[in-house]
Each structure stands twice: as C-alpha cells, then as structure tokens.
Amino acid sequence: MVNLLATGYRAHELNIFNQKHEAIPYIKAAAASRLVPLLEDGLEWLLSPGGYGFDLWAVEAALELKRDYPQLKISILTAYANVDEKWKDDRKLYYEELLRRVDHHASVSKQPYEGVWQLTARDSLLVRKSDAMLLFYDEEMGEGSPRYFKERALKRQEAGDEYPLLTISAETVQSIADDARSAAFD
C-alpha cells in the first residue's frame, strides 16, 4: 500500500467545538496506532479531504510521525477554494498551520463552494488515487458524513478491487483514553 486516504467524522458530529477538547489527543493516538504498521510496510502518502475533525487530526498525527518516518508525505485535497472561509479564527489558524507543514495541498475546484458536485468530485478523486482507506466511523454513533466514503470503499471492493477499509471506532478511541488514564494513575 502506497497511498492511504484518512477521513472520518467532522468535529461537530463528535460534539467537539474547540481544539482543546479532551478527546482530540486520543483520536490522534488512534490514528497514529493505525498508521505506524502501515508506515513500516511502506506507506508513502497520507491523503486527506481536509475537513475540520478527524481529517485534520489524522494529518496532525501523521505530521508527528514524520519524525520517525521521514518518507511519509501528506496531502490535503479539499473540494473547493477557501474551504476555511467561514471558520472561526482559531480553526483558520490551525488549518493554515497544517497547510504550511504538509507536502502538498490543493483544491479540486478552484472556485468557492458552488454545489455538492465539488464534494463528489473530490471524494471520487481521493478514493481513486488511494490504495486503502482509514475511516473513523462507528455505525452505533449514527451515520454522519463518513458513510459516503464507506459506501465508495465498498463499491470499489464490489467491483473487484483490493481496497482495504481500515476503521477506527468510538470504542477504539475510548480504549486508548482508558489506557492513558490508567497509566496516569500507575
């Protein structure tokens, strides 16, 4: 596997409304725990749609892993220009900092948001250019935006492509949080 698409819930779907939320480090740790074995097996690129939430937290986790895995390249590919235009200032600053640190960033459409077709075009391109998907998705939490990526991954599999769908569930994140809390008391 050379190219991995990492996507999942948006922050608001997880009831996370600021970068200081206590769950974010555990979500990033869950992403890192899935990335390390892939990096050791030759993963070269992490691709992200750049949504505020798991997409960017996975990017942040990957950036931290680049110290030990300098061969890793990271790309954020958004659906349209100025995706952060209506974001609050703290989110914009966070996003701009990540853009400065990744190896590649671009928008599928050079126009501002015009319609759902831009999201569809981005999603199609990311799934087509990736060899597997890391998806933070938990059906018990409700469908949410990641279901569209899951459907695309399953369609690729149904078409006969070997396209691994690696998942992170809420239970995975909770287990990491519980382990960290236990270690803090030891």
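Please read these numbers as outputs of a predicted model, since none were measured by experiment. (Residues numbered from 1 in each chain as written. Predicted model: local features only at pLDDT ≥ 70, side-chain atom pairs only at ≥ 80, totals over all residues. Heavy atoms only, no water.)

**With respect to the overall build of the protein chain**
Using the following cut-off: In this description a helix means any DSSP run of H or I spanning at least four residues, a strand means any run of E spanning at least two, and both kinds are numbered starting from the N terminus. The size measure is the radius of gyration over C-alpha atoms, and the globule rule it meets is 2.2 Å times the number of residues to the 0.38 power. For every residue, the accessible area (1.4 Å probe, protein chains only) is compared with the maximum for its type, and the residue is labelled buried under 20%, exposed over 50%, or partly exposed between those bounds. Any pair of residues with heavy atoms lying within 4.5 Å of one another is described as a contacting pair. All accessibility values rest on the Shrake-Rupley procedure with a 1.4 Å probe; residue burial counts only the protein chains present in the view. The positive count covers Lys and Arg only, the negative count covers Asp and Glu only, and His and the chain ends enter neither. To locate a charge, take NZ of a lysine, CZ of an arginine, CG of an aspartate or CD of a glutamate.
Secondary structure assignment for the protein chain yields six helices and six strands. The N-to-C order of helical and strand elements in the protein chain reads β-α-β-α-β-α-β-α-β-α-β-α. Here the C-alpha radius of gyration of the protein chain, 16 Å, is about what a compact globule of 186 residues would show, namely 16 Å. Here the protein chain, with 186 residues, has 47% of them falling under the buried criterion. Long-range contacts, defined here as pairs at least 24 residues apart, represent 80% of the contacts in the protein chain between residues at least 6 apart. Surface exposure of the protein chain reaches about 9,900 Å², of which carbon and sulfur atoms provide 49%. In the protein chain, 23 side chains carry a positive charge and 31 a negative one; their mean positions are 6 Å apart.

**Re the pairing of strand E3 (residues 73-78)**
The line we're drawing: Should DSSP find at least two bridges between two strands, the strands are regarded as paired. When the strands point away from the viewer and the path from the first strand over the helix to the second turns clockwise, the crossover is right-handed.
Here E3 lies mainly inside the structure; five of its six residues are buried. As paired strands, strand E2 (residues 45-48) and E3 are joined by four bridges and run parallel to one another. Opposite Leu46, over in E3, you have Ile74 as the bridge partner. Read from E2 through helix H2 (residues 54-65) to E3, the crossover connection turns out right-handed. Where E3 and strand E4 (residues 104-107) come together, four bridges link them in parallel fashion. Counterpart to Leu77 in the pairing with E4 is Ala106. In terms of handedness, the path from E3 via helix H3 (residues 89-101) over to E4 forms a crossover that is right-handed.

**Points about unusual backbone geometry**
Non-glycine residue Asn15 carries a positive phi angle of around 60°. By secondary structure assignment, the location of Asn15 is in the loop between strand E1 (3-8) and helix H1 (24-40). Even without being glycine, Asn82 reaches a positive phi, approximately 55°. Along the chain, Asn82 falls in the loop between E3 and H3. Overall, the relative accessible area of 48% leaves Asn82 in the partly exposed class.

**Things to note about the packing of H1 against helix H6 (residues 170-185)**
Counted only if it meets this: Note on geometry: axes are C-alpha line fits, over the in-contact stretch for helices, and angles between N-to-C directions span 0 to 180 degrees. Here the word oblique covers every angle except those under 35 degrees (roughly parallel), over 145 (roughly antiparallel) and from 65 to 115 (roughly perpendicular). Here the term charged refers only to Asp, Glu, Lys and Arg, the term nonpolar to Ala, Val, Leu, Ile, Met, Phe, Trp, Tyr, Cys and Pro, and the term polar to all other amino acids, Gly among them.
Taken N-terminus to C-terminus, the directions of H1 and H6 make an angle of 110°; their axes are 9 Å apart at the nearest point. In this view, H1 runs roughly perpendicular relative to H6, as classed from their interaxial angle. Counting all contacts with H1, which are made through Tyr26, Ile27, Ala29, Ala30 and Ser33, the residues of H6 involved are Thr172, Val173, Ile176, Ala177, Ala180 and Arg181. A class-by-class count of the residues in the contact of H1 with H6 yields eight nonpolar, two polar and one charged.

**A closer look at the side chain of Asp123**
Operational definition: N or O atoms within 3.5 Å of each other form a polar contact, as long as, within protein, one can give a hydrogen and the other can take it, and as long as residues adjacent in sequence are counted only when both atoms are side-chain atoms.
Mapping Asp123 onto the fold places it in helix H4 (residues 116-129). A distance of 2.8 Å separates a polar atom in the side chain of Asp123 from a polar atom in the side chain of Arg122. Sequence-distant contacts of Asp123, that is, excluding residues within four places in its chain, are made with Phe149 and Arg152.

**Overview of the nonpolar core**
In plain terms, the rule: Here, nonpolar core means buried Ala, Val, Leu, Ile, Met, Phe, Trp, Tyr and Cys residues that are tied together by side-chain atoms lying within 4.5 Å of each other.
Among the nonpolar cores identified, the biggest contains 59 residues, and Leu4, Ile27, Leu35 and Leu46 are the most heavily contacted of them. Setting aside chain neighbours within four positions, we find Leu46 in contact with Leu4, Ala6, Leu35, Ala58, Val59, Ala62, Leu72, Lys73, Ile74 and Ser75.

**Here we look at the sheet that holds E3**
Ordered by their spatial adjacency, six strands build an open sheet running E4-E3-E2-E1-E5-E6, and the pairing between neighbours is parallel. Of all the strands in the sheet, just E4 and strand E6 (165-168) have a single pairing partner and so form its edges. Taking each pair of neighbouring strands and ignoring which way they run, the sheet shows an average axis angle of 20°. Of the pairings in the sheet, the one linking E1 to E2 comprises three bridges and is parallel in character. By the bridge assignment for E2, Asn3 is matched with Trp45. In the packing of helix H5 (residues 146-158) onto the sheet, contacts are made with E1, strand E5 (132-136) and E6, and the angle to E5 comes to roughly 150°.

Honestly, it's all geometry; don't read function into it.
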